[in-house]
Amino acid sequence: MRSIPPFPSQWLEVLAPWGGNTALDAVLPGLLADSAREVIYPQPQDLWRALELCPPDAVKVVILGQDPYHGPGQAHGLAFSVPPGVAEPPSLRNLFKEFVADTGLAPPPTGDLSGWARQGVLLLNTSLSVRAGAPGSHADGRWDALVGCILGYLNSVDRPLAFWLWGAHAQRRGALLGNPAHLVLRSAHPSPLGAYRGFWGSKPFSTTSDWFKSQGLKGPDWSADQPTFGG
């Protein structure tokens, strides 16, 4: 990671009052120093991908994961997603199993969830980087301030948003979410180690669709390969 692309300007603008610039200044030097001596995922050009594909005014649903995949070619800046042609990791396979059980629909055609991101689903991890082969290696607090800024801003938004907090890492970071205008769903992480503790049967897709309807809004159309949002 010899260089890191600029942080998305639309996000930097809305995060400024929440300390976004300070949070970036705190995390980037250490990330660059670590990258000089170890392999870090995702690749630099994908570090801000979730934010690039889903600008602040487009966010409808926030899926909060843990940290990026730590194997070669898997992480591309979107929580739970993998690039086209890459085999689905266990967590993503379990996500798709719950999708099928919850909606009765066929799963998305690939493990690339970029289409969801472009339609308002912010696929955000609580840690935006990881050392190759070492899950949780950057869950050392370095990303807490920046992710906290993002969640703080989104919590302040007065339009209805849905937050899916999967696993202990996400639920700790999501503790600040208290805006009654929003839906907050908490469950176990979809990893094989945790899915049986409450992810199976949590029905996030149908619950969120029903909630949007109750707000007089049209939620995700999960029958499409790329869900669309209305309202």
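Bear in mind that the values here come from a model prediction, so they are computed numbers and not experimental data.

By volume, the largest pocket amounts to about 440 Å³. Q66, D67, P68, Y69 and H189 are the residues nearest the centre of the largest pocket, which is lined by 28 residues in total. The element best represented in the lining of the largest pocket is strand β3 (residues 121-125), accounting for three residues. For the lining of the largest pocket, the class distribution of residues is 16 nonpolar, eleven polar and one charged.

The full count for this structure, using the stated rule, is eleven aromatic pairs. On the numbers, 4.9 Å between centres and 75° between planes, the contact of F7 with W48 is edge-to-face. Here W48 lies in the loop between β1 (40-41) and α3 (49-53) and F7 lies in the segment before α1 (9-15), a separation of 41 residues in the sequence. In this pair, the class of F7 matches that of W48, namely buried. Put simply, the rings of F80, F99, W116, W164, W166, F199, W200 and F205 touch in pairs and so form one group of aromatic residues.

Most of strand β5 (residues 162-166) is tucked away, with five of its five residues classed as buried. A two-sided burial pattern is seen for β5, the buried positions comprising A162, W164 and W166 on one face and F163 and L165 on the other. For the handedness criterion, the β-α-β arrangement of β5, helix α7 (residues 168-173) and strand β6 (residues 183-187) is classed as right-handed.

Another aspect to go through is the pairing of strand β2 (residues 61-65). In summary, the side chains of a regular strand alternate between the two faces of the sheet. Most of β2 is tucked away: five of the five residues are buried. Of the two faces of β2, the one holding V61, I63 and G65 and the one holding V62 and L64 are both buried throughout. Direction of pairing for β2 relative to β3: parallel, over a ladder of five bridges. Each bridged residue has a counterpart across the sheet, and for L64 the counterpart in β3 is L124. Summarising the sheet, β2 and β5 pair through four bridges and their orientation is parallel. Following the sheet pairing, V62 is matched in β5 by F163.

Across the sheet, which stays open at both edges, the four strands sit in the order β3-β2-β5-β6 with parallel pairing between neighbours. The open sheet terminates on both sides in strands that have one partner only, identified here as β3 and β6. Sheet twist, expressed as the average angle between the axes of neighbouring strands with direction ignored, equals 15°. Its contacts with the sheet place helix α8 (residues 204-214) against β2, β5 and β6, and it is angled at close to 160° to β5.

Definitions and limits used
Residues numbered from 1 in each chain as written. Predicted model: local features only at pLDDT ≥ 70, side-chain atom pairs only at ≥ 80, totals over all residues. Heavy atoms only, no water. 1 Å grid on protein atoms, 1.4 Å probe; cavity = no way out; pocket = protein on both sides within 12 Å on 5 of 7 lines; lining within 4 Å. Points joined across faces, edges and corners; volume = space filled by probe spheres on them. Helix = DSSP H or I, 4+ residues; strand = E, 2+ residues; numbered from the N terminus. Nonpolar A, V, L, I, M, F, W, Y, C, P; charged D, E, K, R; others polar. Phe/Tyr/Trp six-rings, centres within 6.5 Å; stacked < 30°, edge-to-face > 60°. Buried < 20%, exposed > 50% of the residue type's maximum accessible area, 1.4 Å probe, protein only. Right-handed = clockwise from strand over helix to strand, strands pointing away. Pairing = 2+ DSSP bridges. Axes fitted to C-alpha atoms, helices over the stretch in contact; angles between N-to-C directions. Contact = heavy atoms within 4.5 Å.

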